[in-house]
Each structure stands twice: as C-alpha cells, then as structure tokens.
Amino acid sequence: MQEIKEFNKIFVANWKLNGSFAFINAFLRDIKIDFTNQNKACIIICPPYPYVKDLKSENFFKGAQDCSIYSKGAFTGEISSEILKDLDCNFCIIGHSERRNLFNEENKQIYQKVSNCLNSKIIPILCVGETLEQKKKYQTKEILTEQIKKGIPSESNNEKLIIAYEPIWAIGTGLTPSVEDIDEIHNFIKKDISGFENYKVIYGGSVNSSNSKKILAIGNVDGVLVGGASINIEEFNKIIAS
Ligand code: PGA
C-alpha cells in the first residue's frame, strides 16, 4: 500500500464521466509537475475505468472513481477492487455525493466498498459532506460524524484512508465555504470524531486555480479533490503548482 504520510499535499483529479484517448494523450503531454517544489505532492488521477490502464506515468498515481460492493461472481457490469488493483490503481474515490445522490448509495454500501479497497491494498478516498439544507440547519458536524463512523471500518487507520470533505452545495457550483469554515470543519474531522483522529483530510468542491492557493494554505487542509477544473490541463497545472 502506498505510504501517504510522506506527502505534504494531495491532489486528486476526478475526471467523472469525461475523457478520451485524445484527451489522455494531450494530458500526458501537457501535465507539468515541478519536482523541485519543496512541498512533496501526491498527485492522483481518477479517469473513467476503461482508461485507467492507459494513463501511465511515473509522475502520478492512478485512482478509480468507485468500485463494486462485490468481490467476484455473477454481477454484470461491476468492477471489483481486486480488478482495480490489477490495473495498478493505488487509490479509489468512494461515496462521492454523485454516487450517494444519483445512484442511491448509502453508508452501508460505502462501508463495504471501503472495506473491499482496504482488503485489496487500495487507499480509499472517502467523500463526506452536507447538503445546503443540512448546513442551514446547523447539522453539518452531525452528518459528517455519521458518514465517517458508518463509512470507515475498524481495520482502517489514518495511514490507510483519506477523507475528502466535499460540501454538496459546493460541488460544481462555483461556491466554496469561507477559509474559516473549511478550517473549522477540517479541524473537527481531524480532532473531534473519536476513534477517527488524525486522518488526512482534503477539501473538494469548486476548487480552481484562483482559489487553490488560499485553500491549500489552510493548516488543516492536506490537499484538494478537483472535479471540473481537473479536465482543463492549464487549470490543473496551476492548481498542482499552488
Ligand atoms: P468540482 O467537483 O471541482 O467540479 O466542484 C468536485 C467533485 O466532484 O469532487
């Protein structure tokens, strides 16, 4: 399993349902990673499944956007964590809000997927976050606690899993929480949920090249999960340089 503690900052690109061979060729040609940068960065690219194999580079890790709750057998259309391992995936996003909302994934399935990844020696990137309605009702901390407690199995620890705080109202909307709010929530996740302390916590939701520096400068932010801006190579280059 990849050691995550050696990295200062983590950058995850979630391409969602985007990409093509032409896009991958251009991406591999144009991505710029500055290895002289003192901040040791862990860059994880998560394309759609069929492209995982073609995205070969020594400069970044590969991740998937989801995996099956099943390990093997008669489950047409599913991709297991073992298959992902076979494709050299070291990371896998689990419980993204689009999976939770559009595909009705609940904490129970998410727990199973996280557990499968851990068994396959893949580092799960567990996404948690509140809706705008929950935020307005001051339920954010309660929701995050539930998603973390119900999503992370006891065999996990802070070296085997990354938590991504992604407020649902910030995903793809251009809205982000204030620096103070991100700091408070990351501090809460890192310190106050008993049994789950000191995990690496990255922020996701409308991260772009104009706000990445400010977000990454927050002490409790261990990195960023980038959706829309990760398929614009110029934008992504600026983000990983911040
Ligand atoms: P966004 O997506 O950067 O486009 O808001 C983030 C995500 O979906 O994880």
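For the structure given in this document, a descriptive report is provided here. (Residues numbered from 1 in each chain as written. Predicted model: local features only at pLDDT ≥ 70, side-chain atom pairs only at ≥ 80, totals over all residues. Heavy atoms only, no water.)

## Quick notes on the overall build of the chain
Logical step 1: Looking only at helices and strands, one finds 9 helices and 8 strands in the chain.
Logical step 2: A globule of 242 residues ought to have a C-alpha radius of gyration of about 18 Å, and the chain, at 17 Å, matches this closely.
Logical step 3: Along the three orthogonal principal directions, the C-alpha set of the chain runs to about 45 × 45 × 30 Å.
Logical step 4: The buried share of the chain, reckoned over its 242 residues, is 51%.
Logical step 5: Residue pairs in contact within the chain that sit at least 24 positions apart in sequence constitute 72% of those at least 6 positions apart.
Logical step 6: Surface summary for the chain: the accessible area is close to 11,700 Å², and the carbon and sulfur share equals 49%.
Logical step 7: Each charge sign in the chain was given a centre, from 29 positive and 30 negative side chains, and these centres are 1 Å apart. (Helix = DSSP H or I, 4+ residues; strand = E, 2+ residues; numbered from the N terminus. Rg over C-alpha atoms; globule rule 2.2 N^0.38 Å. Buried < 20%, exposed > 50% of the residue type's maximum accessible area, 1.4 Å probe, protein only. Contact = heavy atoms within 4.5 Å. Areas by Shrake-Rupley, 256 points an atom, 1.4 Å probe, with all protein chains shown as cover. Lys, Arg positive; Asp, Glu negative; His and termini not counted. Charge placed at Lys NZ, Arg CZ, Asp CG, Glu CD.)

## Comments concerning the nonpolar core
Logical step 1: By size, the foremost hydrophobic cluster in this structure holds 55 residues, and its most contacted members are I45, I163, I189 and F236.
Logical step 2: Apart from residues no more than four positions distant in its own chain, F236 is found in contact with A13, F27, I31, I43, I45, V226, A229 and S230.
Logical step 3: Membership of the second largest hydrophobic core comes to 17 residues, among which are I4, I10, F61 and I162. (Core = buried A, V, L, I, M, F, W, Y, C linked by side-chain atoms within 4.5 Å.)

## Side note on the site of the ligand
Logical step 1: Inspection of the region around the ligand gives 13 residues, with K16, H96, E166, G172 and S206 positioned closest.
Logical step 2: Between E166 and the ligand, the recorded distance is 2.6 Å, taken from a side-chain N or O atom to an oxygen atom.
Logical step 3: Within the backbone of G227, a nitrogen or oxygen atom sits 2.9 Å from an oxygen atom of the ligand.
Logical step 4: Coverage of the ligand by the protein amounts to 95% of the 280 Å² it exposes when considered alone.
Logical step 5: For the shell around the ligand, the class distribution of residues is 4 nonpolar, 7 polar and 2 charged. (Near = heavy atom within 4 Å. Polar contact = N/O pair within 3.5 Å; in protein donor to acceptor, adjacent residues only side chain to side chain. Nonpolar A, V, L, I, M, F, W, Y, C, P; charged D, E, K, R; others polar.)

## Some thoughts on the pattern of salt bridges
Logical step 1: Taken as a whole and assessed by the stated rule, the structure comprises 14 salt bridges.
Logical step 2: For R99, the salt bridge identified is with D66, shortest N-O distance 3.3 Å. Linking R99 in helix α3 (residues 97-102) with D66 in the loop between β3 (61-64) and α2 (81-86), this pair joins segments that are 33 residues apart in sequence. (Salt bridge = Lys/Arg side-chain N within 4 Å of Asp/Glu carboxyl O.)

## As for the sheet that holds strand β7 (residues 200-204)
Logical step 1: The 8 strands lie next to each other as β1-β2-β3-β4-β5-β6-β7-β8, forming a closed barrel whose pairing is parallel. Averaged over all adjacent pairs, the angle separating strand axes in this sheet is 25 degrees, with direction ignored.
Logical step 2: Here 6 bridges tie strand β1 (residues 9-14) to strand β2 (residues 41-46), and the two strands are oriented parallel to one another. Counted as the bridge partner of I10 is C42 from β2.
Logical step 3: Sitting on the sheet, helix α6 (residues 140-151) is in contact with β5 (123-128) and β6 (162-165), with an inclination near 150 degrees to β5. (Pairing = 2+ DSSP bridges. Axes fitted to C-alpha atoms, helices over the stretch in contact; angles between N-to-C directions.)

## Looking at the packing of α6 against helix α7 (residues 179-191)
Logical step 1: With their axes 11 Å apart at the nearest point, α6 and α7 run at an angle of 40 degrees to one another. The angle between α6 and α7 falls in the class oblique. In this structure, α6 meets α7 at a crossing whose hand is right-handed. Residue-level inspection shows T140, K141, L144, T145 and I148 of α6 in contact with α7, the latter providing E184, I185, F188 and I189.
Logical step 2: Looking at the contact of α6 with α7, its residues break down into 5 nonpolar, 2 polar and 2 charged. (Parallel < 35°, antiparallel > 145°, perpendicular 65-115°, else oblique. Left-handed = near helix turned anticlockwise from the far one by under 90°.)

## Structural notes on the pairing of β3
Logical step 1: Residues of β3 alternate between two faces, with F61 and G63 on one and K62 and A64 on the opposite face, all of them buried.
Logical step 2: Taken together, the 2 bridges between β2 and β3 define a ladder with parallel strand orientation. Counterpart to I44 in the pairing with β3 is F61.
Logical step 3: Here β3 pairs with strand β4 (residues 91-94) via 2 bridges, running parallel. Along β4, the bridge assignment pairs A64 with C92.
Logical step 4: In this region the chain leaves β3, passes through α2 and returns to the parallel neighbour β4; the handedness of that crossover is right-handed. (Right-handed = clockwise from strand over helix to strand, strands pointing away.)

## Let's talk about the packing of helix α4 (residues 107-119) against α6
Logical step 1: Relative to each other, α4 and α6 sit at 45 degrees, their axes nearing to 8 Å. Classified by the interaxial angle, the pair formed by α4 and α6 is oblique. Residues N107, I110, Y111 and V114 of α4 form the contact with α6, whose own contacting residues are E146, Q147, K150 and G151.
Logical step 2: Per-class residue counts for the contact of α4 with α6 are 3 nonpolar, 3 polar and 2 charged.

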